[in-house]
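# Examination of the molecular architecture
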Number of protein chains: 2
Amino acid sequence: MRNTKQRQVVLDILRNTDTHPTADWVYEQARKVLPNISLGTVYRVLGRLQEEGLVVQLDVGSRKSRFDGKPGQHQHIVCERCGRVADVPDVIDHIASERVQNLTGYRVHAHRVEWIGVCPECHNAQP
Amino acid sequence: MRNTKQRQVVLDILRNTDTHPTADWVYEQARKVLPNISLGTVYRVLGRLQEEGLVVQLDVGSRKSRFDGKPGQHQHIVCERCGRVADVPDVIDHIASERVQNLTGYRVHAHRVEWIGVCPECHNAQP
DNA sequence: TTAGATGCAAAGGGTTTGCAACGTC
DNA sequence: GACGTTGCAAACCCTTTGCATCTAA
């Protein structure tokens, strides 16, 4: 994999935000640095970064994918009013995984948890 | 909401399968009973059933949505080799929810868990 | 009778891809 | 110089929607 300007910029944007952005948001940011970058390239770079494990793709209900540039053992909580996504530390222990393994016969490799609620901003705006 | 043939057929199909099918699978099945049903109608019926809480829509990574006609307090495990989806009882307790609430400031209303692993069939085929 | 549901086909919208030009290694 | 990457635009594919028609209540 070559270390192109486009790749550097996309990775940089993802690593310097906590907003779990969509591909087109990344594209808009990237254009501020590289005005000629194309949306197709953003998607291709995101795809490669994901294969390499540097980025995680989230499917949180809506049609657009969101991307997390700080992968690790954490999960996400989505605000059901505004769609804002925040990180949550993993509260699932391995006892739960073992129970799932026993109950289903599947070999459990990972889990993905999404909490759904209302973020403080939305709750304050309309209690 | 009117109780049309189309609605009955779609709900029936969903309630009589454990496969968490995609919209076009439901469409193919429905055509065996109502040859003139359209894909648009399948989508509209699925949308309404979801609003009514009779069906739950899953976004499990791939681009197609899958639908669960037996909603309830259970989650899903997805086979990373074949994409098969199975049900898992909820192993997340409310203590975990409270921890998330305290950690994030969000009011937690629900959680969605997806386990990822390898199903018995795939594992047996290629240990 | 009539408001809501359907079938059809076209439009939407996010994502992917073919291809020639480009830029790393 | 070779080959992976890019920009562009068109293609893709799942899903939604407009509209005339139909049908459950």
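The rules behind each value
- Residues numbered from 1 in each chain as written.
- Chains lettered and ligands numbered in written order.
- Predicted model: local features only at pLDDT ≥ 70, side-chain atom pairs only at ≥ 80, totals over all residues.
- Heavy atoms only, no water.
- Helix = DSSP H or I, 4+ residues; strand = E, 2+ residues; numbered from the N terminus.
- Buried < 20%, exposed > 50% of the residue type's maximum accessible area, 1.4 Å probe, protein only.
- Contact = heavy atoms within 4.5 Å.
- Areas by Shrake-Rupley, 256 points an atom, 1.4 Å probe, with all protein chains shown as cover.
- Lys, Arg positive; Asp, Glu negative; His and termini not counted.
- Charge placed at Lys NZ, Arg CZ, Asp CG, Glu CD.
- Buried area = accessible area lost by both parts, 1.4 Å probe.
- Salt bridge = Lys/Arg side-chain N within 4 Å of Asp/Glu carboxyl O.
- Polar contact = N/O pair within 3.5 Å; in protein donor to acceptor, adjacent residues only side chain to side chain.
- Nonpolar A, V, L, I, M, F, W, Y, C, P; charged D, E, K, R; others polar.
- Pairing = 2+ DSSP bridges.
- Axes fitted to C-alpha atoms, helices over the stretch in contact; angles between N-to-C directions.

Helix and strand content of chain A: five helices and five strands. Secondary structure elements of chain A, listed N to C terminal, follow the sequence α-α-α-β-β-β-β-α-β-α. Seen along its three principal axes, the alpha-carbon backbone of chain A occupies a region of about 50 × 45 × 25 Å. Of all 127 residues assigned to chain A, the portion counted as buried reaches 43%. When contacts within chain A are restricted to residue pairs at least 6 apart in sequence, long-range pairs at least 24 apart make up 49% of them. For chain A, the exposed surface amounts to about 7400 Å²; the carbon and sulfur share of it is 46%. One finds the centroid of the 17 positive side-chain charges in chain A at a distance of 8 Å from the centroid of its 15 negative side-chain charges.

On the side of chain A, 37 residues touch chain B, which itself brings 37 residues to the contact. For the pair chain B and chain A, the two sides together bury roughly 3200 Å², of which 66% comes from carbon and sulfur. In terms of surface lost to chain A, no three residues of chain B exceed B:Tyr106, B:Arg112 and B:Trp115, which account for 23% of the buried area on that side. Summed over the shared surface of chain B and chain A, the number is two salt bridges. Between B:Arg112 and A:Glu114 there is a salt bridge, and its shortest N-O distance comes to 2.6 Å. The interface formed by chain B and chain A contains eight residue pairs in polar contact (both at pLDDT 80 or more). Elements that contribute at least two residues to the side of chain B that touches chain A include exactly strand E3 (74-79), strand E4 (85-89), helix H4 (94-104), strand E5 (107-118) and helix H5 (120-125) of chain B. The element that contributes the greatest number of residues to the side of chain B that touches chain A is E5(B), accounting for 12 residues. Its residues assigned to classes, the side of chain B that touches chain A comprises 21 nonpolar, eight polar and eight charged. Taken together, the 11 bridges between strand E5 (residues 107-118) of chain A and E5(B) define a ladder with antiparallel strand orientation.

In this section: the sheet that holds E5(B). Read across the sheet, six strands follow the order E4(A)-E3(A)-E5(A)-E5(B)-E3(B)-E4(B) without closing on themselves; strand pairing throughout is mixed. Looking at which strands have only one partner, the edges of the open sheet turn out to be strand E4 (85-89) of chain A together with E4 of chain B. Averaged over all neighbouring strand pairs, the angle between strand axes comes to 30°, with direction disregarded. Note: strand E3 (residues 74-79) of chain A against E5(A), four bridges, orientation parallel. In the sheet register, A:Val78 faces E5(A), and the bridge partner there is A:Ile116. The strands that H4(B) touches are E3, E4 and E5 of chain A together with E5 of chain B; relative to E5(B), the one it contacts most, it runs at about 115°.

These results come straight from atomic positions and should not be treated as a statement about function.
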